[in-house]
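The residues making up each chain are set out below.
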Amino acid sequence: MTQATSLLLPHGELALPAFLPDATVGVVRAVDAGDLRAAGVRALVMNVFHLMQKPGSSTIAALGGLHRMAGWDGPIITDSGGFQAYSLIRQNPRFGSLSDGGIRFTPEGAERPFQLTPEKCIQLQMAYGADIVVCLDDCTHVDDSLDEQRKSVARTVRWARRCKDEFERLVAERQGRGRRAAAPAAARPLLFAVVQGGGSRELRRECAEALLAIGFDGYGFGGWPLDAKGQLLHEILAYTRALIPSEFPMHALGVGQPGNVAACAALGYAIFDSALPTRDARNGRLYAFAADPRDPRFELRGSWYSYVYVEDKKHIKAAGPIAPSCDCAACAQYSLGYLHHLQKIGDTLYYRLATIHNLRFMAQLIERLRGHGDAPTL
């Protein structure tokens, strides 16, 4: 089968490939839902690890779920929080522990410990109203020992089975409440599992085969996707994508650097998410294509994009836009020199305009990568 060109989800159809900015705690910093739509964003990713702390699950419920709370009517993927909990505990074991039962953690400044089991992970994501639910996984770093990677794979597979069991129980419960024997595919969220295994081909294959045997709607590349030098783990990403049949979409979790998105899309990955483009924007690093990405002659080869460092003094009197080919709100109405001024005085308008620009760049990149053709819709 060929790769799907879109996913049918409860909150609409998501064309693939897709880049999702991180709205970690229910917001993409500095912009609102209207800004996101205008920039070409069609879906968001949020994070259970952070949401269960702030604003908290009872508050999310009181505010009507993630979509109503954030004023966003498009699809939302909720990351399981496994990576964030792992990172917290890896940095300092006193913050928590991992066991076969789940993850127990106490973030600095928290009044109480939090417990995240595979079952609770699914319960929270379903309650929040997610369109794509991600299984809890035991994350590792590519440089961790082979023994640690082996333990991670075994635990990830066990947790994935428990996640699917809980997911199916909750879906059946929803259908029962609706007095329907079966619900259309788009009436329920999709369930993705995460392939772990670090840099070991053997363990990646073992994990992928076990997860495929359980059966999921899609899969993610687990673990940090970069090496110690910040270079994309191209070979292991390619190998992992090849392990999963092409009809299943794969999410390159945490991949958001433009060159890495283009590289992973060429490998067959369909979904990307990262806080990098919006964080870069706030910190003064803006993206610009070398030529108009809408020009059919434009190719993503060589130096096809560059960084514009807005604080550089050479931009003080720059009367043109950030990028001549960009059609975002910032480039259509304001000069690079004005953004330099806003950034220098620390005005919040700079954060909004810069974020809109980088998100529009990512949307244009995705539009360039998307191509045309017929493929089955999941």
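Please refer to the structure higher up on the page.
Visitor: An account of the overall build of the protein chain is needed here, citing residue identities and associated values.
Guide: Within the protein chain, the secondary structure is distributed over 14 helices and 15 strands. The C-alpha radius of gyration of the protein chain comes to 21 Å, within 12% of the 21 Å expected for a compact globule of 378 residues. Projected onto the principal axes, the alpha-carbon positions of the protein chain cover approximately 60 × 45 × 45 Å. With an accessible surface of roughly 16,800 Å², the protein chain has 50% of that area assigned to carbon and sulfur atoms. Side chains of the protein chain carry 42 positive and 39 negative charges; the gap between the two charge centres is 3 Å.

Visitor: Just give me the short version of the pairing of strand 1 (residues 6-9), but keep the residues and values in it.
Guide: Here strand 1 pairs with strand 2 (residues 12-15) via 4 bridges, running antiparallel. Paired with leucine 7 across the strands is leucine 14, a residue of strand 2. Following strand 1, the chain reverses through 2 residues before pairing antiparallel with strand 2.

Visitor: With reference to specific residues and values, describe the sheet that holds strand 8 (residues 114-116).
Guide: Spatial strand order, 6-7-8: 3 strands in an open sheet with antiparallel pairing. One side of each edge strand has no neighbouring strand; the edge strands of this open sheet are strand 6 (96-99) and strand 8. If you compare each strand with its neighbour and ignore which way they point, the axes differ by 10° on average.

Visitor: I'd love a proper account of helix 10 (residues 258-267), names of residues and values included.
Guide: Those residues of helix 10 lying buried are Pro258, Asn260, Val261, Ala262, Cys264 and Ala265. Looking at the buried positions of helix 10, the neighbouring elements they touch are helix 9 (234-243), strand 13 (271-274), strand 14 (285-289), strand 15 (305-309) and helix 14 (348-370). Its side-chain oxygen 2.8 Å from the backbone nitrogen of glycine 259, glutamine 257 forms the N-cap of helix 10. Of the residues flanking the end of helix 10, it is glycine 268, one or two places downstream, whose phi is positive at about 110°.

Visitor: Break down the side chain of glutamate 166 for me, citing the residues and quoting the values.
Guide: Structurally, the position occupied by glutamate 166 is in helix 7 (residues 146-177). Setting aside residues no more than four positions away along its own chain, glutamate 166 makes contact with Glu119, Ile122 and Gln123.

Visitor: So what about the packing of aromatic side chains? Which residues, and what values?
Guide: Tallying each qualifying case throughout the model produces 16 aromatic pairs. When the centroid spacing of 5.7 Å and the interplanar angle of 70° are considered together, the rings of tyrosine 350 and tyrosine 351 count as edge-to-face. Judged by relative accessible area, which is 0%, tyrosine 350 ranks as buried. According to the relative accessible area criterion, tyrosine 351 is partly exposed, its value standing at 30%. A network of ring pairs unites the aromatic residues Tyr287, Phe289, Phe298, Trp304, Tyr305, Tyr307, Tyr309 and Phe361 as a single cluster. Sitting over the face of the ring of phenylalanine 216, lysine 164 holds its NZ or CZ atom 5.9 Å from the ring centroid. Over the aromatic face of phenylalanine 221 sits the side chain of arginine 204, whose NZ or CZ is 4.1 Å from the ring centroid.

Parameters and conventions
- Residues numbered from 1 in each chain as written.
- Predicted model: local features only at pLDDT ≥ 70, side-chain atom pairs only at ≥ 80, totals over all residues.
- Heavy atoms only, no water.
- Helix = DSSP H or I, 4+ residues; strand = E, 2+ residues; numbered from the N terminus.
- Rg over C-alpha atoms; globule rule 2.2 N^0.38 Å.
- Areas by Shrake-Rupley, 256 points an atom, 1.4 Å probe, with all protein chains shown as cover.
- Lys, Arg positive; Asp, Glu negative; His and termini not counted.
- Charge placed at Lys NZ, Arg CZ, Asp CG, Glu CD.
- Pairing = 2+ DSSP bridges.
- Axes fitted to C-alpha atoms, helices over the stretch in contact; angles between N-to-C directions.
- Buried < 20%, exposed > 50% of the residue type's maximum accessible area, 1.4 Å probe, protein only.
- Contact = heavy atoms within 4.5 Å.
- Polar contact = N/O pair within 3.5 Å; in protein donor to acceptor, adjacent residues only side chain to side chain.
- Phe/Tyr/Trp six-rings, centres within 6.5 Å; stacked < 30°, edge-to-face > 60°.
- Lys NZ or Arg CZ within 6 Å of the ring centre and 35° of its normal.

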